Amino acid sequence: MITFNEPPFVGTELEYIKQAVANKKICGDGAFTMKCNTWMEERFQANHVMLTTSGSTALDMAAFLCGIHPGDEVILPSYTFTSTANAFVLVGARLVFVDIRPDTMNINEELIEDAITDRTVAIVPVHYAGISCEMNKIMAIAKKHNLKVVEDAAQGVMSTYHGQALGTFGDFGCYSFHETKNYSMGEGGAILINENKYIEKAEILREKGTNRSQFFRGQVAKYNWVDFGDSYLPSDINAAYLWAQLEKADEINDNRLATWNKYNHAFQELASEGRISLPFVPEGCVHNAHMFYLKCKDLEERAAFINYMKENGIGCTFHYVPLHSAPAGQKFGRFSGEDVYTTKESDRLVRLPMYYNMKDEDSSYVIEKSIAFFRQ
Ligand SMILES: *Cc1c(COP(=O)(O)O)cnc(C)c1O
């Protein structure tokens, strides 16, 4: 049986967890949390990074820090995870869904301006499969219309766009360290704060509305309840698990890329015959091999493919059901313009098993069975 995903494990996680326990500080913002934050700031040239309890809560923080008022509108793709949308529902925004590009499954940057109204306050690009949205164009639109940008880079840790790390373009970037992501801490995430003006408010929001972070730095004599807040600090035990993986970030990335490239190479013939479509990596994008997918002819063929693979002991899955077609999507948002590709392309897409240290014989078997299906 080849499972669809295995959580990443490099071998030093348990040793670091032991150290976190021995440090007698297992709550948030301990030594491992600080190591992770600093590593990301340096590696990604990020202004300020803070671990959070999940990618979802990183998005919640970003939505709150955008200063959104009920009735404000936020532009996002419909082809995304519910968390991208929930964060903005939480602060009372109306969701405006924009169609995707069929080649990358990312928001179509050419359609964003048509979706802007005088209520629009933010754009939320989602870097699907760790392949970047067209950030030059998106940032230019945001600047022209004075909009905030929150990058959902949950899948984009270690990916770049023209050499710059995903998550560092917008006002905020949000990473996920869920066990299905490239780097994991079980459940966890990070918020990248790309302008200093948000940092103090973010610290207070993350620390239950107190200025405890300033207190620990000796900037204030006592800490107090100063604004609205919640608790978004992960335990240092979780951060210890993540630290093991960040230390091996390049190794994990290279290992995943080898599997991704092997898949991509093996399916070229089927793709050139037009039997399937493969992921597309635009010029200037360097990706992290977060996901490998194929696109079948249609929904029916995809169901048959998933079933065939299952019968052969291989776990393949479809991905997002477009949010605008879901009950909550209809309640909280609307689709801007026409849904040309969102539903059609999401119906065709199927993800193949892809994880750190996937055995060579296993990826070969996945390839063999996939090709057999399309050749039958
Ligand atoms: C995984 C993911 C999230 C949520 O991250 P969690 O850490 O699971 O909360 C949000 N957006 C996208 C695009 C994701 O892939």
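Higher on the page you've got the structure.
We now turn to the structure provided with this report. (Residues numbered from 1 in each chain as written. Predicted model: local features only at pLDDT ≥ 70, side-chain atom pairs only at ≥ 80, totals over all residues. Heavy atoms only, no water.)

On inspection of all chains with the given rule, the structure shows 23 aromatic pairs. When the ring of Tyr-79 is compared with that of Tyr-320, the centres are 5.1 Å apart and the planes differ by 70°; the resulting orientation is edge-to-face. Pair noted here: Tyr-79 is in the loop between strand E2 (73–77) and helix H4 (82–90) and Tyr-320 is in the loop between helix H12 (299–311) and helix H13 (327–332), with a separation of 241 residues, a long-range link. Of the two residues examined, Tyr-79 and Tyr-320, each falls in the buried class. (Phe/Tyr/Trp six-rings, centres within 6.5 Å; stacked < 30°, edge-to-face > 60°. Helix = DSSP H or I, 4+ residues; strand = E, 2+ residues; numbered from the N terminus. Buried < 20%, exposed > 50% of the residue type's maximum accessible area, 1.4 Å probe, protein only.)

Working definition: the strands of a sheet are paired by backbone hydrogen bonds and lie parallel or antiparallel to each other. In spatial order, the strands read E7-E6-E10; together these three strands make up an open sheet with antiparallel pairing. With one partner strand each, in any of the chains shown, strand E7 (164–165) and strand E10 (285–286) form the two edges of the open sheet. (Pairing = 2+ DSSP bridges.)

This part is about the site of the ligand. Contacts to the ligand come from 16 residues, most closely from Gly-55, Ser-56, Asp-152, Ser-176 and Lys-181. Here an oxygen atom of the ligand and a side-chain polar atom of Gln-155 are 2.9 Å apart. Alone, the ligand offers 380 Å² of accessible surface; in the complex the protein occludes 93% of this. At the level of secondary structure, the elements contributing two or more residues to the shell around the ligand comprise helix H3 (55–65) and H4. It is H3 that contributes the most residues to the shell around the ligand, three residues altogether. Taken together, the residues that form the shell around the ligand break down as five nonpolar, nine polar and two charged. (Near = heavy atom within 4 Å. Polar contact = N/O pair within 3.5 Å; in protein donor to acceptor, adjacent residues only side chain to side chain. Areas by Shrake-Rupley, 256 points an atom, 1.4 Å probe, with all protein chains shown as cover. Nonpolar A, V, L, I, M, F, W, Y, C, P; charged D, E, K, R; others polar.)

Right, let's get into the packing of helix H10 (residues 249–266) against helix H15 (residues 360–375). H15 packs onto H10 with a crossing angle of 25° between their chain directions and a minimal axis gap of 11 Å. Put simply, H10 runs roughly parallel to H15. In this structure, H10 meets H15 at a crossing whose hand is right-handed. From H10, Thr-259, Lys-262, Tyr-263 and Ala-266 reach across to H15, where they touch Asp-360, Ser-363, Ser-364, Val-366, Ile-367 and Ile-371. Taken together, the residues of the contact of H10 with H15 sort by class into five nonpolar, three polar and two charged. (Axes fitted to C-alpha atoms, helices over the stretch in contact; angles between N-to-C directions. Parallel < 35°, antiparallel > 145°, perpendicular 65-115°, else oblique. Left-handed = near helix turned anticlockwise from the far one by under 90°. Contact = heavy atoms within 4.5 Å.)

Turning to helix H9 (residues 236–247), a few remarks are in order. Look at H9: 16 Å from first C-alpha to last across twelve residues, which is about the 16 Å you get at 1.5 Å a residue. Within H9, nine of the twelve residues are buried, which leaves it mostly tucked inside the rest of the structure. Among all positions of H9, only Asp-236, Ala-239, Ala-240, Tyr-241, Leu-242, Trp-243, Ala-244, Gln-245 and Leu-246 are buried. Residues of H9 that are buried sit in contact with helix H1 (13–22), helix H2 (31–43), strand E1 (49–52) and H10. The backbone nitrogen of Ile-237 lies 3.0 Å from a side-chain oxygen of the residue at the head of H9, namely Ser-235. (Expected span 1.5 Å × (residues − 1).)

What follows concerns H1. Turning to H1, its buried residues number three or more, namely Glu-13, Tyr-16 and Ala-20. Angularly, the buried residues of H1 cover 70° about the axis, an arc narrow enough to put them on a single face. Structural note: H1 exposes Leu-14, Lys-18 and Ala-22 on the side pointing more than 90 degrees away from its buried face. Where H1 is buried, its residues contact H2 and H9. Lys-24, located one to two residues past H1, shows a positive phi value of around 55°. (Arc of directions from axis to C-beta.)

Moving on: the nonpolar core. If you look at soluble globular proteins, the nonpolar side chains tend to sit buried side by side. Met-40, Phe-44, Leu-51, Ile-75, Tyr-175 and Phe-177 are the most contacted members of the largest nonpolar core, which has 49 residues in total. Ranked by residue count, the leading element in this core is H9, at six residues. The residues touching Ile-75, leaving out its near neighbours within four places in the chain, are Val-96, Val-98, Ile-107, Ile-112, Ala-115, Ile-116, Thr-120, Ala-122, Ile-123 and Val-124. Ala-58, Ile-68, Leu-76 and Phe-335 belong to the second largest nonpolar core, which has 33 residues in total. (Core = buried A, V, L, I, M, F, W, Y, C linked by side-chain atoms within 4.5 Å.)

The sheet built from eight strands is open, its strands ordered E1-E9-E8-E5-E4-E2-E3-E12 with mixed pairing. The open sheet is flanked by E1 and strand E12 (333–335), the only strands paired with a single partner. Strand-to-strand twist across the sheet, computed as the mean angle between neighbouring axes with direction ignored, equals 25°. The pairing of E2 with strand E4 (residues 120–123) spans three bridges and is classified as parallel. Counterpart to Val-74 in the pairing with E4 is Ala-122. Taken strand by strand, helix H6 (residues 135–145) contacts E4 and strand E5 (148–152), and its axis lies near 150° from that of E5.

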